[in-house]
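Geometric and topological summary
One-letter residues, chain by chain:
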Amino acid sequence: MLRSKIKESLKEAMKSKDKRRTSTLRLIIATLQDRDLAARDKGAEEGITDDEILQMLTTMVRQRKDSIAAYEKGGRVDLAASEQEEIDIISDYLPKQFDEAETRAAVEKVIADIEAKGLKDMGRTMAELKNRHAGQMDFSKASAIVKETLGA
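Described in the following lines is the structure provided in the data block. (Residues numbered from 1 in each chain as written. Predicted model: local features only at pLDDT ≥ 70, side-chain atom pairs only at ≥ 80, totals over all residues. Heavy atoms only, no water.)

Geometrically, a packed helix pair is captured by the angle between its two axes and the distance between the axes. It is the contact of helix α5 (residues 100-114) with helix α6 (residues 122-132), at a shortest axis distance of 10 Å, that shows an interaxial angle of 120°. Of the two elements, α5 crosses α6, and the hand of that crossing is right-handed. Mapping the contact onto sequence places Ala106, Val107, Lys109, Val110, Ile111, Asp113 and Ile114 in α5 and Arg124, Thr125, Glu128, Leu129 and Arg132 in α6. Class assignment for the residues of the contact of α5 with α6 results in 6 nonpolar, 1 polar and 5 charged. (Axes fitted to C-alpha atoms, helices over the stretch in contact; angles between N-to-C directions. Helix = DSSP H or I, 4+ residues; strand = E, 2+ residues; numbered from the N terminus. Left-handed = near helix turned anticlockwise from the far one by under 90°. Contact = heavy atoms within 4.5 Å. Nonpolar A, V, L, I, M, F, W, Y, C, P; charged D, E, K, R; others polar.)

And the structure:
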């Protein structure tokens, strides 16, 4: 479903001659095809799932945020603005991101559900968070919250 939405958006962007959106969507589709090929090599005939597409898009956003920080540090505001435009386009295909309070609540619920007791359960907790909330939260921030909660 997400795959067809992205392809449909590319057609619309091309018709409206939106160069930034067209190039960003082509980049997403190229990355998606690359991941599909890798998945098919491992036996997944259909390619990657929607959850894996969400993870891919989240990674793309994170990479651009890292680039923005580097560009701003180097004084290249023009390139940082370009990266931000790509983030805005990619974010259209991601679910609403959790704020810190929602992330904290999700972490606490997962910890309670799986009865995690200490830092030894951190991996299990993070796996369950990724399973339940793919694309909805920044997992690096969630990891810090899990560590803080389980370490207390």
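Quick look at the pattern of salt bridges now. Tallying each qualifying case throughout the model produces 14 salt bridges. Of the charged contacts in the structure, one is a salt bridge between Arg64 and Glu86, with a shortest N-O distance of 2.6 Å. Pair noted here: Arg64 is in helix α3 (residues 50-73) and Glu86 is in helix α4 (residues 77-91), with a separation of 22 residues, a long-range link. Among the ionic pairs, Arg104 bridges to Glu148, the shortest N-O distance being 3.1 Å. With a gap of 44 residues between them, Arg104 in helix α5 and Glu148 in helix α7 (residues 139-151) connect regions that are remote in the sequence. Connected through shared salt-bridge partners, Arg20, Arg64, Glu85 and Glu86 make up one network. (Salt bridge = Lys/Arg side-chain N within 4 Å of Asp/Glu carboxyl O.)

Below, the discussion takes up the side chain of Arg64. Residue classification places Arg64 among the buried positions, given a relative accessible area of 9%. What Arg64 contacts, discounting residues up to four positions off in sequence, is Leu27, Glu83, Glu86, Ile87 and Ile90. (Buried < 20%, exposed > 50% of the residue type's maximum accessible area, 1.4 Å probe, protein only.)

This part covers the nonpolar core. A general tendency of soluble globular proteins is for nonpolar side chains to be buried together. In terms of nonpolar packing, the biggest core is built from 23 residues, with Leu2, Ile6, Leu25, Ile28, Ile53, Met56 and Leu57 touching the most fellow members. Going through the elements one at a time, α1 (2-15), α2 (19-41), α3 and α4 are the ones with two or more residues in this core. Considering every element that reaches this core, the biggest residue donor is α3, with 7 residues. Within the second largest apolar cluster, 15 residues are counted, among which are Ile114, Met122, Met126 and Ala142. (Core = buried A, V, L, I, M, F, W, Y, C linked by side-chain atoms within 4.5 Å.)

On to unusual backbone geometry. Positive phi is not limited to glycine here, since Lys17 has a value of about 60°. Counting through the fold element by element, Lys17 comes out in the loop between α1 and α2. The residue Glu115 is not glycine, and still its phi comes out positive at about 55°. Residue placement: Glu115 occurs in the loop between α5 and α6. Using a relative accessible area of 55% as the deciding quantity, one classes Glu115 as exposed.

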